[in-house]
Amino acid sequence: MVEFHLSARDAEDAVRQSLEHFGVQRIALASSFGAEDQVLTDMLARVNPAARVFTLDTGRQFQETHDTMQRSVERYQIRYEVCFPEPADVAELISKDGPNLFYYSVENRKACCDVRKMKPLRKELATVDAWICGLRRDQSVTRTEVELVSWDAEFGIYKICPLFDWSEQQVWDYIKQHNVPYNPLHDQGFPSIGCAPCTRAVAPGEDIRGGRWWWESPEHKECGLHRSPTHRNLHPSESTAGSTGAPLQPGTPAKEKA
Ligand code: SF4
């Protein structure tokens, strides 16, 4: 592993230095078209319009997310790398447990995230030496240890989070200042936006990620893309994943087991 350290003046400088260090073909921004990702897309387009940006199309996203991608394509002239799940994997998942399997147990939810997100992500990240993410420390209890640069043992590459110490206010100040296109759901009480069936609006003052997998405990609210802490792999015996509970009735998601 080659050591990589960053001493950046600000987030845009961190993006610039990272691109220079790894080379434009060996680093990519992961975007789900959330506010932070849009800030980073804007920075990336300024620094080097040829920079790689990829997105995971899970097949279950909001129309507003697709609209945001459309506006971003037009604004930045970016050729997004769109990563789809394997059709056979999705078919097997749904045939076995139904289209809304994620409500029945944490195990089911993680299986769905694995097919629709993790497998395509692993394939994409095999093509780079570093990825750029929009994680911020104050987003949730699972992200308090986010660093500017860390070794992502899960994927064997560097992880760079230029906004790691930004506040939510800084994100929105940047968006307004630079007229960055953003997902209109943010104006409807959705601070964090994932797949439609697994995301809902939150009340003012509620945890930023409170609307993601709202039926689960806060410490479990990651889909595997971003483990905590980011610099080491958890041994299976240390895993925070919950166990499978008895199936619930559709539409009545419940708390996962501890
Ligand atoms: S967020 Fe929900 S719908 Fe999307 S991949 Fe995960 S479990 Fe499936």
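As the structure is a computational prediction, the values presented were derived from the model and not from experiment. (Residues numbered from 1 in each chain as written. Predicted model: local features only at pLDDT ≥ 70, side-chain atom pairs only at ≥ 80, totals over all residues.)

## A few points about the overall build of the protein chain
For step 1, the next point in the chain: For the protein chain, the helix and strand inventory stands at six helices and six strands.
For step 2, the next point in the chain: For the protein chain, the sequential pattern of α-helices and β-strands runs α-β-α-β-α-β-α-α-β-β-β-α.
For step 3, the next point in the chain: By residue count, 40% of the 258 residues in the protein chain fall in the buried class.
For step 4, the next point in the chain: Put simply, of all contacts in the protein chain between residues at least 6 apart along the chain, 71% involve residues at least 24 apart. (Helix = DSSP H or I, 4+ residues; strand = E, 2+ residues; numbered from the N terminus. Buried ≥ 20, exposed ≤ 12 C-beta atoms within 10 Å, placed from the backbone. Contact = placed C-beta atoms within 7 Å.)

## A look at the site of the ligand
For step 1, the next point in the chain: Taken together, 13 residues lie around the ligand, and Cys112, Cys113, Arg116, Cys195 and Cys198 are the ones closest in.
For step 2, the next point in the chain: Classifying every residue of the shell around the ligand gives seven nonpolar, two polar and four charged. (Near = placed C-beta within 6 Å. Nonpolar A, V, L, I, M, F, W, Y, C, P; charged D, E, K, R; others polar.)

## Section: the sheet that holds strand S2 (residues 52-56)
For step 1, the next point in the chain: One open sheet accounts for six strands, arranged S3-S2-S1-S4-S6-S5; its pairing is mixed. If you trace the sheet from one side to the other, it starts and ends with strand S3 (81-83) and strand S5 (149-152), each paired once. When the angles between neighbouring strand axes are averaged without regard to direction, this sheet yields 30°.
For step 2, the next point in the chain: Of the pairings in the sheet, the one linking S5 to strand S6 (residues 157-160) comprises four bridges and is antiparallel in character. Of the residues in S6, the one forming a bridge with Asp152 is Ile157.
For step 3, the next point in the chain: The strands that helix H1 (residues 11-22) touches are strand S1 (27-30), strand S4 (130-132) and S6; relative to S4, the one it contacts most, it runs at about 160°.
For step 4, the next point in the chain: Contacts from helix H2 (residues 35-47) reach S1, S2 and S4 within the one sheet, and its direction differs from that of S1 by about 145°. (Pairing = 2+ DSSP bridges. Axes fitted to C-alpha atoms, helices over the stretch in contact; angles between N-to-C directions.)

## Considerations on the nonpolar core
For step 1, the next point in the chain: Counting residues in each nonpolar core, the largest one holds 40 residues, and the members touching the most others are Trp131 and Ile132.
For step 2, the next point in the chain: Mapped onto this core, the elements with two or more residues apiece are H1, S1, H2, S2, helix H5 (106-125), S4, S6 and helix H6 (168-177).
For step 3, the next point in the chain: If we skip the residues at most four places from it in the chain, Trp131 touches Ile27, Ala28, Ala30, Leu125, Ile157 and Lys159.
For step 4, the next point in the chain: In terms of nonpolar packing, the next biggest core, distinct from the first, is built from ten residues, Leu93, Cys112, Cys195 and Trp213 among them. (Core = buried A, V, L, I, M, F, W, Y, C linked by C-beta atoms within 7 Å.)

## A word on the packing of helix H4 (residues 87-97) against H5
For step 1, the next point in the chain: Where H4 meets H5, the closest approach of the two axes is 10 Å, and the angle between their N-to-C directions is 165°. Taken together, the axes of H4 and H5 lie roughly antiparallel to each other. The handedness of the crossing between H4 and H5 is left-handed. Residues Asp89, Val90, Leu93 and Asp97 of H4 form the contact with H5, whose own contacting residues are Asn108, Ala111, Cys112, Val115, Arg116 and Lys119.
For step 2, the next point in the chain: Of the residues in the contact of H4 with H5, the class split is five nonpolar, one polar and four charged. (Parallel < 35°, antiparallel > 145°, perpendicular 65-115°, else oblique. Left-handed = near helix turned anticlockwise from the far one by under 90°.)

## Re H4
For step 1, the next point in the chain: Within H4, only one of the eleven residues are buried, which leaves it mostly out in the open.
For step 2, the next point in the chain: Looking one or two residues beyond H4, the residue adopting positive phi is Gly98, at roughly 90°.

## Focus on the packing of H1 against H2
For step 1, the next point in the chain: Between H1 and H2, the shortest axis-to-axis distance is 10 Å and the interhelical angle comes to 55°. Considered as vectors, H1 and H2 are oriented oblique to each other. Crossing angle aside, the handedness with which H1 passes H2 is right-handed. Two secondary-structure elements touch here, H1 through Ala11, Glu12, Val15, Arg16 and Leu19 and H2 through Leu40, Met43, Leu44, Arg46 and Val47.
For step 2, the next point in the chain: For the contact of H1 with H2, the class distribution of residues is seven nonpolar, no polar and three charged.

## Quick notes on the confidence of the model for the protein chain
For step 1, the next point in the chain: Per-residue confidence for the protein chain gives a mean pLDDT of 85, with 83% of residues at or over 70.
For step 2, the next point in the chain: Below pLDDT 50 for its whole length, residues 229-258 participates in 44 contacts with residues either more than four positions away or in separate chains. (pLDDT = per-residue confidence, 0-100.)

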